[in-house]
Amino acid sequence: MRPVEVSGKGLGLREVTFADVEALHAVYGDPATTEHLPFGPRTREEVEEIVAEAIESAGREPRRLYVLAVTEPDGGEVIGVARLHIEADHPHSAEIGLGLRPDHWGRGRGTDLIRLLLTFGFRHLRLHRIWGARSPANTAAQLAMLVAGMVEEGRIRHHVRVHGAWRDSVVHSALEDEWEGHREA
C-alpha cells in the first residue's frame, strides 16, 4: 500500500491515523457539521471505529475506500475529513463525501476540498466519474460542488432516513473529460 498524501491550494489530504480521532470527532461529533449528513453526531467511540475501518481498508487490494484527514496547507492541523468510495460493480466510479469543522466554513475551503478530491480521483486513481450527494437544504455544498466543476444531475427522492423522516438527495458529478478544464486544485 502506498499512503495517500496530496497537497492542493490551501489544503492537504493524508491517511487518517488513530492520533486523528479527537480532531475527526470535532467534525463527526458536531451537530452543525452533521446537520445535512445522512447521520447524526457520532460518539468518540464511533469515530474510533471509523478510523479503524479506514486503516483496515487502506491495506486491502484492490482498495475501494479512502478516508482521509483534511489538513492545513503545511500538513499541520486536521480540520476535516474526506471520503472517496470506489464502487465495486463500477470501479471507474466513486462517491465522495466531506466534512469541515464549522470554524472553517465560508472561506471557499469546501470548494478547494472538492477540487482536491477530484484531482486525487482523476489524476491519481484514474477514475472516469466522481459523484456526491447532498441534502437539498445544503446550499453551501451545492455552491461548492458547482464552483469546483461538478454538474447537478438530479434528485433522488426519499433517499435517506434522517431524524425519523425521509430526505431527498441531490446528486452532482464530474466526468474525467469534462473536468480537464477545472483541474486547478
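Below, the structure is looked at part by part.

Cut-off values and rules
- Residues numbered from 1 in each chain as written.
- Predicted model: local features only at pLDDT ≥ 70, side-chain atom pairs only at ≥ 80, totals over all residues.
- Heavy atoms only, no water.
- Helix = DSSP H or I, 4+ residues; strand = E, 2+ residues; numbered from the N terminus.
- Buried < 20%, exposed > 50% of the residue type's maximum accessible area, 1.4 Å probe, protein only.
- Contact = heavy atoms within 4.5 Å.
- Expected span 1.5 Å × (residues − 1).
- Arc of directions from axis to C-beta.
- Salt bridge = Lys/Arg side-chain N within 4 Å of Asp/Glu carboxyl O.

Broken down by element type, the protein chain carries five helices and eight strands. N-terminal to C-terminal, the α/β element order of the protein chain is β-β-α-α-β-β-β-α-β-α-β-β-α. In terms of its C-alpha atoms, the protein chain occupies a principal-axis envelope of roughly 40 × 40 × 35 Å. Per-residue burial for the protein chain yields a buried fraction of 44% across its 185 residues.

This brings us to the environment of histidine 159. Residue position: histidine 159 is located in strand S7 (residues 151-162). Residue class for histidine 159 comes out partly exposed when judged on its relative accessible area of 36%. For the pair histidine 159 and serine 135, spaced 24 residues apart in the sequence, the C-alpha separation amounts to 9.8 Å. Not counting residues within four places of it along the chain, the set of residues in contact with histidine 159 comprises Trp166, Arg167, Asp168 and Ser169.

A rise of 1.5 Å per residue sets the reference length of helix H2 (residues 44-58), with its 15 residues, at 21 Å; its end C-alpha atoms lie 21 Å apart and thus fit the reference within 8%. Within the sequence span of H2, burial applies to Val47, Ile50, Val51, Ala54, Ser57 and Ala58. The buried residues of H2 occupy one face: seen down the axis, they fall within an arc of 125 degrees. Buried residues in H2 make contact with strand S2 (12-15), helix H1 (21-28) and strand S3 (65-71).

Under the criterion given, the structure shown has 12 salt bridges. Glutamate 72 is the salt-bridge partner of arginine 109, the closest N and O atoms lying 3.1 Å from each other. Highlighted residues: arginine 109 in helix H3 (residues 109-124) and glutamate 72 in the loop between S3 and strand S4 (78-86), separated in sequence by 37 residues. The exposure class of arginine 109 is buried, given its relative accessible area of 14%. Of the charged contacts, one joins aspartate 103 and arginine 101 as a salt bridge, the two residues approaching to 2.9 Å between their closest N and O atoms. One salt-bridge network, in which partners are shared between bridges, spans Glu22, Arg44 and Glu48.

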